[in-house]
Amino acid sequence: QVQLVESGGGLVQPGGPLRLSCAASGFTFSSYEMRWYRQGPGKERGLVAAIPSTGGDLNYADSVKGRFTISRDNGKNTVYLQMNSLKPEDTAVYYCSVRRFGARSWGQGTQVTVSS
């Protein structure tokens, strides 16, 4: 059974950093692309960043390019999202996700609030 557990969210001031983690289990982590999505208040869930199984050829939403970095540690079955220069519009619930056999699985999400 796939399990994705996000952590690291919280309240941060504008311009500050935050690092999210997602611990995965129940599947061969090193074989799958991993993604971070977010859903802000009153908004649809959207893709933030994606990292292939091998860690190369990263993909980012235009709104976070140059500020966020996705990475993974296949030895720890964990994917990370380093978020720098945070803005109030980054406030959202952040989810990690994996797609296997045509079905996408989600974690429970972690709340990130950017506010002074």
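All of the points below concern the structure found in this document. (Residues numbered from 1 in each chain as written. Predicted model: local features only at pLDDT ≥ 70, side-chain atom pairs only at ≥ 80, totals over all residues. Heavy atoms only, no water.)

1. Overview of the pattern of salt bridges
Worth spelling out the cut-off: Salt bridge criterion: a side-chain nitrogen from Lys or Arg within 4 Å of a carboxyl oxygen from Asp or Glu. Each residue is placed in one exposure class: buried if its accessible area under a 1.4 Å probe, protein chains only, is under 20% of its type's maximum, exposed if it is over 50%, and partly exposed if it falls in between. Secondary structure elements are defined from DSSP: runs of H or I of at least 4 residues count as helices, runs of E of at least 2 residues count as strands, and each element is numbered from the N terminus.
Inspection of every chain in the model, using the stated rule, returns four salt bridges. For Arg35, the salt bridge is made with Glu33, and the minimal N-O distance between the two is 2.8 Å. Residue class for Glu33 comes out partly exposed when judged on its relative accessible area of 35%. Two residues, Arg67 and Asp90, come together in a salt bridge whose shortest N-O distance is 2.7 Å. Placement of the pair is Arg67 in the loop between β6 (59-60) and β7 (68-73) and Asp90 in the loop between β8 (78-83) and β9 (92-100), with a sequence separation of 23 residues. There is no split in this pair, since Arg67 and Asp90 are both buried. Salt bridges sharing common partners tie together Arg38, Arg67 and Asp90.

2. What about the sheet that holds strand β1 (residues 3-7)?
Stated formally: The criterion for strand pairing is that DSSP finds at least two bridges linking the strands in question. Note on definitions: angles span 0 to 180 degrees between N-to-C directions of axes, and those axes are lines fitted to C-alpha atoms, for helices only across the stretch in contact.
Overall, antiparallel pairing links the four strands, which are arranged β1-β3-β8-β7 in an open sheet. Because the sheet does not close on itself, it has two edges, and the strands there are β1 and β7. Going from strand to strand, the sheet's axes swing by 15 degrees on average, the running direction of each strand aside. Direction of pairing for β1 relative to strand β3 (residues 18-25): antiparallel, over a ladder of five bridges. Paired with Leu4 across the bridge in β3 is Ala24.

3. Digging into unusual backbone geometry
Positive phi values are uncommon outside glycine, yet Asn77 reaches one of about 50 degrees. Along the chain, Asn77 turns up in the loop between β7 and β8. One non-glycine residue, Ser85, lies in the positive phi region at around 50 degrees. For Ser85, the position within the fold is in the loop between β8 and β9.

4. Thoughts on the nonpolar core
This is how it is decided: In this description, a nonpolar core means a group of buried Ala, Val, Leu, Ile, Met, Phe, Trp, Tyr and Cys residues linked to one another through side-chain atoms lying within 4.5 Å. Any pair of residues with heavy atoms lying within 4.5 Å of one another is described as a contacting pair.
Core analysis: the biggest nonpolar cluster contains 29 residues, and Trp36, Val79, Leu81, Met83 and Tyr94 have the highest contact counts within it. Ignoring anything within four residues of it in the chain, the contact list for Leu81 reads Leu18, Arg19, Leu20, Trp36, Val48, Ala49, Phe68, Thr69, Ile70 and Tyr94.

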